[in-house]
Structure formats: C-alpha cells, structure tokens
Amino acid sequence: MKLDERKSLKVAIHTFGCQMNEYDGEVAAGILGAAGFEIAGEGDADVILMNTCSVREHAEERVFSRLGMLGKVKRTRPELIVGLMGCMVEEHREKLFKRFHQLDLMVGTRNIKELPSLIEEVRRRRQQVARIKQDGISIEYTDLVRRTSKLHAWLPIMTGCDKVCTFCIVPVTRGGEVSMPAREVYREASRLVGEGVKWITLLGQNVNSYRGEGVAFPQLLELLCQIDRLERISFTTSHPSDATEELFQTIARNPKISRRFHLPLQSGSDRILKRMKRLHTYEDYKKKVNRLRELAPDVSLTTDIIVGFSGEAEEDYEATKRALAEVRYDGAYIYKYSVRPTTPAAKLTDDVPYEVKEERNQELLRLQKEIEREKNRSWLGRQVGVFVEGRSPKRSDQLLGRTLQEKKVVFDGAQDLVGTFQTVTLLDIKNETFVGALESVCVP
Ligand code: SF4
C-alpha cells in the first residue's frame, strides 16, 4: 500500500485494562503513526482496534458488546476494519473469529510492531487475519512510542508471571516471567530522560520479582535513581512474597522513589489466601506492611481485594473486612470474583451467590471510602512537595500535580511551573483530588 493511501487511513485505538495495556496502546499508535497511518477518534476511523483486558469477566463483556455494535455498523460500512489486541487475543486466539464474523484482525501482545503490514493484509485479502506469537518477551523498546505525556513515561521492565494465583489469567495471557536486561532498562530510561521525561513508572505484572541478568528489583531501582534529571520513579504491581526488606530499605533511602506502594492483599482470610495460592498468610502480609511503614512512614498503601471467591464463608469475608479496617489503605480496588475460564480456580465451584458478592462488595467499598475520607482529611493543612504535571483537566486556569504519594493536587499557578517541583499547602479535598495553595515558587 502506498504511503499516501496509508495517510488516508484513520486508525482508532481503544485501550482497556492496566498500565501495561496503556503502554502497548502508545506503542501501537507510535508504530502506526510512523508508518503513515493517522491516529484518530472512533467516529471517523477506517480501522478500529480494541486493546483488550481479560482480568475480569466484565472487561471481556464490554469488548463483546462493542463487537456486537460494530457488527451493526459494518452492515452499512463493510470496508471498516475491526481488530483486537491485548490479553483477550492471547486467551481466546482465533476462536473469536468464528464467534464474531465482523472481526477482521487479531494481533498478539508480541506482534504489535507488525500492525501496519497486518492492516494492509486485511485490506488486500479481505479475509480475517491473526498474528499471535506465543513465546518470547513482548517488550521491545522503541522511540516510536506515542506517549500521552511529555513528562511521564511507562517503562515495562518485565512481562508474565511465574506465580499461579488460582483466580488469575495473567500466566495464561502473558506467559511466564521474562525480565529485560538491566542495562537495556537503564539505557531506555536515560533515553526517555533525554527526551524530557522526568517521571517513569516501571511496569510488570509482578514487578518486584524482576531479575534482569542477575540484577534484582531493589538494585535496578538504585541504578535508575542515579540518572540525572530523572526526578521520580514509580512502579506497579507488587506481590507480597517478593516485597522484601531490601526493597523497603531502598524505597526509604531514595527520595526519588514514589511513596505509593500497591500491594494486593486479595483476601484477609488465610483459608481463602490458601485457596487462591497467594503463598502468604494475612499475618505475613501485615508484618511486611508494618515494616514498610516503619521504614517509610509517609508511604501511601493501596491494594486489590476480591470478594466472593469460591468457598468464601461469612467468617472469611469478616476477616477481609477486619483487614481493611486494620491496615487502613489509602486506596483499594475491590472486585467481585468472576471465574476466568482458563484459570485453575475455574475447576472450583463458584458457590457464592451473585447477590452476596454484590452486598459484600458494596459494604467493603463503603468502609474503604470512609477510611480514605479520614486519611485524606488528615493531610489537610500540610505543606507538601508536588511534581507539576500540567494544566488541570477540569480548570485550565489551575495546575495539576502529584505528591510523592501520587495524590493529585490542583492549585493556581503559572504554566512555566509545569515539570518542576513546588511546595503547596493542602487546603481542601474534592473527590480524590486535593485543592492547594502554592507557597513561594521554587525556580529549578
Ligand atoms: S502474582 Fe499477580 S499476576 Fe501473578 S498470578 Fe498472581 S495475581 Fe496474577
């Protein structure tokens, strides 16, 4: 296909799910843009790509219903190309072609760079095309990434997971753990800083079990902290059994490392943790939380909780409720358990009725909301360091920044403060965003 033909083709990319998918979406946009395609909104797109997530039934249902809708659109626009990327492609593979005739293209997480030629192949052959490579790492650093922020960049350092939590689909969709060599991570981080990036978030399904050429995660953090003009380093997601003393010491020692720590608990009941194969008890988990808070008292702890997992009796649920009240997280993603077909837990009976799951989910959400309200109010009146990310999406006359705990703050300030650190007094909180007042301007 000639370049000017490509130039006339508009591609819309709709990303669902986690930060790893966001990164893959940015890579896809960059590669297609560099190949001459125009990245556009869905309204007037010639190609619609959905970058999918399989972690919960609901995430898949959303894509299935979109496919249904696009099937209707294709009745009047048969030339429209509909494609899938991401975890649903890895999980379902070509089976989806039989179920959805309106689906033209399926691209695996390791085949993103082939998108331009695959779209051409669909146009040329007018047949369903799939490219789903099974093995190897799905990360290939490229300067073609079309980032949504000039100052912040996602940086995947590993993919896959060697743990086998019985409810989780990641080992199926992303395979076993593969870590990028530490020197490549360092080189890519330095390249991003050279492009003006000041804040990097390291990505991995189980980031703290990273091991690149013998370099463990705490050592990688130390290494990256040495990069001049790299001001902040975040990372997600951690597994409690890999959250080590060395990692906590590294965080406490380095002011560049974010104080937002996401540590999924999933359940407060040891019986359910065992059924989930989470490899730790609630006591183990609590000891780690206490140690982290001892070393880094300003840490903001967030978590994931599943309610209604197979076999969850009233006392198991009560244990989870007690854990939330005891740990007092700054944030929690609380979900109803949904069976994922290809996971070990699919063999267990999904015996908690939907209404009970919903009731427990709502009760925990209310409890967590109250804890967050109290914890956020305890920050009011404090002066905090804020990294200024840009204009507030809600009020263009205000700036948006984040504290070292990655709490959002909006305040009045001039555009030239973007990309700098400023001191702000926290005056109020609206939803989950603080409203602050700029103290004297710090000129970098
Ligand atoms: S550690 Fe996380 S990604 Fe790995 S299997 Fe468990 S829940 Fe899934």
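Keep in mind the model is a prediction, meaning the values are calculated, not measured.

The rules behind the values
- Residues numbered from 1 in each chain as written.
- Predicted model: local features only at pLDDT ≥ 70, side-chain atom pairs only at ≥ 80, totals over all residues.
- Heavy atoms only, no water.
- Pairing = 2+ DSSP bridges.
- Helix = DSSP H or I, 4+ residues; strand = E, 2+ residues; numbered from the N terminus.
- Axes fitted to C-alpha atoms, helices over the stretch in contact; angles between N-to-C directions.
- Contact = heavy atoms within 4.5 Å.
- Expected span 1.5 Å × (residues − 1).
- Buried < 20%, exposed > 50% of the residue type's maximum accessible area, 1.4 Å probe, protein only.
- Arc of directions from axis to C-beta.
- Polar contact = N/O pair within 3.5 Å; in protein donor to acceptor, adjacent residues only side chain to side chain.
- Parallel < 35°, antiparallel > 145°, perpendicular 65-115°, else oblique.
- Left-handed = near helix turned anticlockwise from the far one by under 90°.
- Domains from an automatic or database assignment.
- Buried area = accessible area lost by both parts, 1.4 Å probe.
- Salt bridge = Lys/Arg side-chain N within 4 Å of Asp/Glu carboxyl O.
- Nonpolar A, V, L, I, M, F, W, Y, C, P; charged D, E, K, R; others polar.
- Core = buried A, V, L, I, M, F, W, Y, C linked by side-chain atoms within 4.5 Å.

> Looking at this model, I keep getting lost on the sheet that holds strand β14 (residues 260–262). Mind explaining?
Neighbouring strands of a sheet are bound in pairs by backbone hydrogen bonds; such pairs are parallel or else antiparallel. One open sheet accounts for three strands, arranged β14-β15-β16; its pairing is parallel. The two strands at the open ends of the sheet, each matched to only one other strand, are β14 and β16 (331–336). When strand polarity is set aside, the average angle formed by the axes of neighbouring strands in this sheet is 15 degrees. Relative to β16, strand β15 (residues 300–307) runs parallel, the two being bridged by six bridges. Bridge pairing in β16 places Thr-303 opposite Ala-332.

> How do you make sense of the sheet that holds strand β5 (residues 105–107) when you look at a structure like this?
One open sheet accounts for six strands, arranged β2-β1-β3-β4-β5-β6; its pairing is parallel. The open sheet has two free edges, formed respectively by β2 (38–39) and β6 (129–131), since each of these has just one partner strand. Relative to strand β3 (residues 47–52), strand β1 (residues 10–15) runs parallel, the two sharing five bridges. Each bridged residue has a counterpart across the sheet, and for Thr-15 the counterpart in β3 is Asn-51. Helix α2 (residues 19–34) rests against β1, β2, β3 and β4 (81–86) of the sheet, and its axis sits at about 170 degrees to β1. Packing of helix α3 (residues 57–76) onto the sheet brings it into contact with β1, β3 and β4, and relative to β3 it is tilted by some 170 degrees.

> Help me understand helix α12 (residues 282–295), please; the structure alone is not making it clear to me.
Taking 1.5 Å of rise per residue, the 14 residues of α12 would be expected to cover 20 Å, and the 20 Å separating its terminal C-alpha atoms lies within 8% of that figure. Those residues of α12 that sit buried are Tyr-282, Tyr-285, Lys-286, Val-289 and Leu-292. Projection of α12 onto a plane perpendicular to its axis shows the buried side chains occupying an angular sector of 125 degrees, all on one side. Summarising the geometry of α12, the exposed residues directed more than 90 degrees from the buried face are Lys-287 and Glu-294.

> I tried to follow the side chain of Ser-392 on my own but got confused; where do I start?
If you trace the backbone, Ser-392 turns up in the loop between β17 (383–391) and β18 (398–403). Polar contacts involving the side chain of Ser-392 include one to the main-chain amide nitrogen of Arg-395, which spans 3.3 Å. Ignoring sequence-local partners within four residues, the contact set of Ser-392 consists of Gln-398, Leu-399, Leu-400 and Val-410.

> Would you mind going over unusual backbone geometry with me for this structure?
With the exception of glycine, most residues fall at negative phi, and the peptide bonds are largely trans. Omega for the bond connecting Thr-236 with Thr-237 falls within 30 degrees of zero, at 10 degrees, which places this linkage in the cis form. One can find Thr-237 in the loop between β13 (232–236) and α10 (245–253). Its identity as a non-glycine residue notwithstanding, Arg-126 has a phi of 50 degrees, on the positive side. Structurally, the position occupied by Arg-126 is in the loop between α6 (115–125) and β6. The exposure class of Arg-126 is partly exposed, given its relative accessible area of 45%.

> Teacher, can you tell me more about the packing of α10 against α12 here?
Packed helix pairs are specified by the crossing angle of their axes together with the interaxial distance, meaning the distance between the axes. Closest axis-to-axis distance for the α10/α12 pair is 9 Å, and the angle between their directions is 25 degrees. The orientation of α10 relative to α12 falls into the category roughly parallel. Where α10 crosses over α12, the two elements pack in a sense that is right-handed. Facing Glu-245, Phe-248, Gln-249 and Ala-252 of α10, the residues of α12 in contact are Lys-288, Arg-291, Leu-292 and Leu-295.

> Just checking my understanding: could you explain the domain arrangement of the chain for this structure?
One frequently used descriptor of interface size is the decrease in accessible area upon assembly of the parts. For the chain, the assigned domains read domain 1 (3–131), domain 2 (152–377) and domain 3 (383–438). Distance from the C-alpha centre of domain 2 to the C-alpha centre of domain 3: 26 Å. Of the residues lining the interface, 16 residues belong to domain 2; the matching set on domain 3 comes to 13 residues. Carbon and sulfur atoms make up 55% of the surface buried where domain 2 meets domain 3, a total of about 1400 Å² over both sides. A per-residue breakdown of the area domain 2 buries against domain 3 is headed by Trp-199, Arg-232 and Asn-376, which together make up 45% of the total. Taken together, the connections running from domain 2 to domain 3 amount to one salt bridge. Close ionic contact of Lys-407 with Asp-330 constitutes a salt bridge, the shortest N to O distance being 3.1 Å. The interface formed by domain 2 and domain 3 holds 10 residue pairs in polar contact (both at pLDDT 80 or more) in total. Listed by contribution, the elements that provide at least two residues to the side of domain 2 that touches domain 3 are β13 and α14 (354–377). The residue makeup of the side of domain 2 that touches domain 3, split by class, is three nonpolar, four polar and nine charged.

> Whenever I open this one, the nonpolar core confuses me. Can you help?
The tendency in soluble globular proteins is for nonpolar side chains to be buried as a group. The biggest cluster of nonpolar side chains holds 77 residues, and the ones touching the most others in it are Ile-157, Leu-202, Phe-217 and Phe-261. For this core, the leading source of residues is α2, giving six residues. Of the domains in this structure, domain 1 (3–131) and domain 2 (152–377) are the two that each give at least three residues to this core. The contacts of Leu-202, once residues within four sequence positions are left out, are Leu-155, Ile-157, Val-207, Phe-217, Leu-220, Leu-221, Leu-224, Ile-233, Ser-234, Phe-235 and Thr-236.

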